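Here's the letter readout for the chains.
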Amino acid sequence: MREMIISELSQALHEVARGFAHFLPRLIVMLILAFGGWVIAYVVKAVLRSILRLIKFDKLSENAGASQLLTNAALPSATEMLSRFVFWVAWLGFILLGVSVLGIPGLQEQVARFFLFLPRLFVALLILFFGLLAASFFSRAALLAAVNANVPSPRVLSLALRTLIIVFVLSIVFEELGLAEQTTLVAFGIAFGALMLGLAIAFGMGGRDLARRFLEKRFVRGKKEENEDELSPL
Amino acid sequence: MKLVEESFLTDDFLRQLISVGEVDILVSLPTHNNAKTIGAIVQTIQSGILNWFPRERAVIINADGGSRDGTPELVRGVSIDDARPASNLYALRTLHSISTKYASSPASGVALRTILAAAELLRAKACVVMSPESANIEPEWISKLLRPIYDDGFDLVTPTYRRHKFEGLLITNLLYPMTRALYGLRIREAYSPEFGFSGRLGSQFLGQNVWNDGTDGAGVELRFTLAAIAGRYRICQSFLGEKDRIERRAADLVPAVRQIVGTLFSALESDFPVWSTVAGSQPPPTTGADHEVLLEPLRVNRKRLREMFSTGVAELESVFQSILSPSTLTELQSIARLGEEEFHYPAELWVRTVYEFAASYRKSVISRDHIVQALAPLFRGRVFTFLTENRNASADEVENNVEALCLEFERLKPYLLQLWKSGE
């Protein structure tokens, strides 16, 4: 009996030792991968930061209106944000690679899903950045055109256009990320419909006087001013 | 002969040019739906050629931008005999009138390029571009714009006009003073639909890389003048007479600002080595009056100008924050709050505003087109002050005020240089 217990214990210990001996190299590989990944990610971050500074990415981000969002949220500059993001994605990638080496069942599937998700994340970020750029450009163009045409409330027009474009871009980004596609679609439909309905009501009911004044200013005063000479800029 | 210039001319136009052969004088008419005026203008041009250049080989070239009212047919259909009874003279050479449709919609850059390419192919010694809308055109204009080139060896003749004191305010308040301060030459009308040029200058400009900037060549006439100044070509001015007011009445401020200011700011970038070394300014040789001012009463809605300025300053604050220095913006905001009686946009502040816009354009702080458009509301404020200052002014007083503005542009030129270099 005693011998049996000792034998079982020694066998168990032996198996633990064998399992540990089997696991230890994988753990070391994982740690090497994590450390090497950190070094590589750090180098990538430094190189990317230099490149972004060289191409004046912060200026581009300022034009896109992204810098303002970051400042409001007390976050670092766009260059710093992107560099840090790439660092973490790269390092996390290496860590997950290391974890997959451990051979733990279930984790490998999650790691594979993470790597499949990465390209979609990059595309979504690109869409978001260029969407913000487009929103900023077109809203500014609308603001300038409205001011120069003496249209009432130019900033409201510009803001409405900016909001529309951002909502549209966000819906594309969520769809690209595969996050609650149905919910996003419905939410977008409701938000867009509500916005249009709101605008229609605002112009039709609330803006009745404004519309009347606008039309009067546009046509009635136009007739009155026909007697006044126009100045040629050229 | 450069193949690249030939390639964009149509085969039909090339055949017409070949049948014309070499010429001494080339008169060009860029047109677009000008059927109402073109017949009389071609007759006046023919009369001018018969009177002043009867022995020279001459051609009238019409570059049409897709007219649908039969303008090119009218140009080709005007007979030289129609001009004879008035002049009582006979041309000793055949006077050709040819026409080409360069595009289906008007583009001044393509029109000028077509004209320059034709001038080079025909080896024209002296060329002139005439406006198809000038109701005041006289046969003498041909002589006034061509003689200095043909006889005296000048390369560019820009016109001067008799204008109302409140006409051409973008020219008197920005283009003339800024061109003068930066390039050092006091050219009154650097942007004009009428001007004469030598074949030499035309060929040189044709070879420049200015044709594919995606703007359809808006403001190319100004670019042409600035290229002549920058290239140290011989330039003079010739007084033509009264500037036709109807011609520009429909002109809107924003397109004009985009054409003039956009072209000027863009040229400053490439011409920096030229203008950065120039100090002071010199008047070019001028035939006739340097300028003449009409003083007849004019009713202008000044209130609207001030309102649009104030609205612009308030609404475009975020845009101006990217373009202007904080001190300039603060000053603009404080004058935007003033009432009609107290409102005053001083010359010094206007010059600083324009120079800061030019520097921001160069740095592309935002879209360049947006920078140029943002200047329009501020220009309205400056116009308000100019109208107020010169409401009861005599011709001399108006001229003194314009001169004072020009000197302010010259005085603050180091400020522009400082802004420019800070962006390098």
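K.L.:
What is the right way to look at the overall build of chain B in this model?
P.N.:
Check the secondary structure of chain B and you find 20 helices and nine strands. For a compact globule of 424 residues, the expected C-alpha radius of gyration is about 22 Å, and chain B comes in at 22 Å, within 12% of that figure. Across the 424 residues of chain B, 50% fall into the buried class. Relative to all contacts within chain B whose residues are 6 or more apart in sequence, the contacts with residues 24 or more apart total 88%.

K.L.:
Help me understand the overall build of chain A in this model?
P.N.:
A count of helical and extended segments in chain A gives eight helices and zero strands. In chain A, the succession of α and β elements from N to C terminus is α-α-α-α-α-α-α-α. The buried share of chain A, reckoned over its 234 residues, is 14%. Relative to all contacts within chain A whose residues are 6 or more apart in sequence, the contacts with residues 24 or more apart total 65%.

K.L.:
I'm lost on the interface of chain A and chain B in this one. Help?
P.N.:
Reports often express the size of an interface as the amount of accessible area lost when the parts come together. At the junction of the two partners, chain A supplies 20 residues and chain B supplies 31 residues. Listing elements by their share of the side of chain A that touches chain B, those giving two or more residues are helix 5 (107-148) and helix 6 (154-177) of chain A. For the side of chain A that touches chain B, the element with the most residues is helix 5 of chain A, which contributes seven residues. A per-class count over the side of chain A that touches chain B returns nine nonpolar, five polar and six charged.

K.L.:
Explain helix 18 (residues 368-389) of chain B here, please?
P.N.:
What sets the pattern is the α-helix's 3.6 residues per turn: residues three or four places apart point alike. The terminal C-alpha atoms of helix 18 of chain B, which comprises 22 residues, lie 32 Å apart, in line with the 32 Å expected from a rise of 1.5 Å per residue. The element helix 18 of chain B is largely enclosed, with a buried count of 16 among its 22 residues.

K.L.:
Looking at this structure, how should I read the environment of A:Phe114?
P.N.:
Residues and elements named next belong to chain A. Relative to the assigned elements, Phe-114 resides in helix 5. Look at Phe-114 and you get partly exposed, because 17 C-beta atoms sit within 10 Å. Separated by eleven residues in sequence, Phe-114 and Leu-125 have C-alpha atoms that sit 16 Å apart.

K.L.:
Could you clarify how one ought to interpret the domain arrangement of chain B in this entry?
P.N.:
Residues and elements named next belong to chain B. We note that the domain assignment places domain 1 (3-293) and domain 2 (302-422) within chain B. Taking only C-alpha atoms into account, the centre of domain 1 sits 30 Å from that of domain 2. Domain 1 puts 25 residues into the contact, and the matching count from domain 2 is 25 residues. The set of elements that each furnish at least two residues to the side of domain 1 that touches domain 2 consists of helix 8 (169-183) and helix 12 (253-270). At ten residues, helix 8 tops the list of elements feeding residues into the side of domain 1 that touches domain 2. The residue inventory of the side of domain 1 that touches domain 2, partitioned by class, reads 15 nonpolar, six polar and four charged.

K.L.:
Please explain unusual backbone geometry as it appears in this structure.
P.N.:
For residues that are not glycine, phi is negative in most cases, and the peptide bond is trans in most cases. All names here are of chain A. With a phi close to 60°, Asn-150 is a non-glycine residue in the positive phi region. You can see Asn-150 is positioned in the loop between helix 5 and helix 6. You can call Asn-150 partly exposed: it has 15 C-beta atoms within 10 Å.

K.L.:
I'm lost on the pairing of strand 5 (residues 156-164) of chain B in this one. Help?
P.N.:
In regular strands, side chains alternate between the two faces of the sheet. Residues and elements named next belong to chain B. Judged by how many residues are buried, strand 5 sits mostly within the fold: seven of nine residues are covered. Bridging between strand 5 and strand 6 (residues 195-198) involves two bridges; their strand directions are antiparallel. Directly across from Val-157, in strand 6, lies its bridge partner Gly-196. Inspection of the sheet shows strand 5 paired to strand 7 (residues 235-242) by seven bridges, in the parallel sense. Paired with Thr-160 across the strands is Phe-239, a residue of strand 7. Sheet topology note: the strand 5/strand 9 (residues 292-294) ladder contains three bridges and is parallel.

K.L.:
Help me out: how do you make sense of the pairing of strand 2 (residues 58-64) of chain B in this one?
P.N.:
Residue and element names in this part refer to chain B. Among the seven residues of strand 2, seven are classified as buried, and the element is accordingly described as predominantly covered. Across seven bridges, strand 1 (residues 25-31) lies against strand 2 in parallel orientation. Bridge pairing in strand 2 places Thr-31 opposite Asp-64. Following the chain from strand 1 across helix 3 (residues 35-52) to the adjacent parallel strand 2, one finds a crossover that is right-handed. Pairing between strand 2 and strand 3 (residues 95-101): seven bridges, direction parallel. Paired with Ile-61 across the two strands is Ile-98, which belongs to strand 3.

Cut-offs and rules
- Residues numbered from 1 in each chain as written.
- Chains lettered and ligands numbered in written order.
- Predicted model: local features only at pLDDT ≥ 70, side-chain atom pairs only at ≥ 80, totals over all residues.
- Helix = DSSP H or I, 4+ residues; strand = E, 2+ residues; numbered from the N terminus.
- Rg over C-alpha atoms; globule rule 2.2 N^0.38 Å.
- Buried ≥ 20, exposed ≤ 12 C-beta atoms within 10 Å, placed from the backbone.
- Contact = placed C-beta atoms within 7 Å.
- Nonpolar A, V, L, I, M, F, W, Y, C, P; charged D, E, K, R; others polar.
- Expected span 1.5 Å × (residues − 1).
- Domains from an automatic or database assignment.
- Pairing = 2+ DSSP bridges.
- Right-handed = clockwise from strand over helix to strand, strands pointing away.

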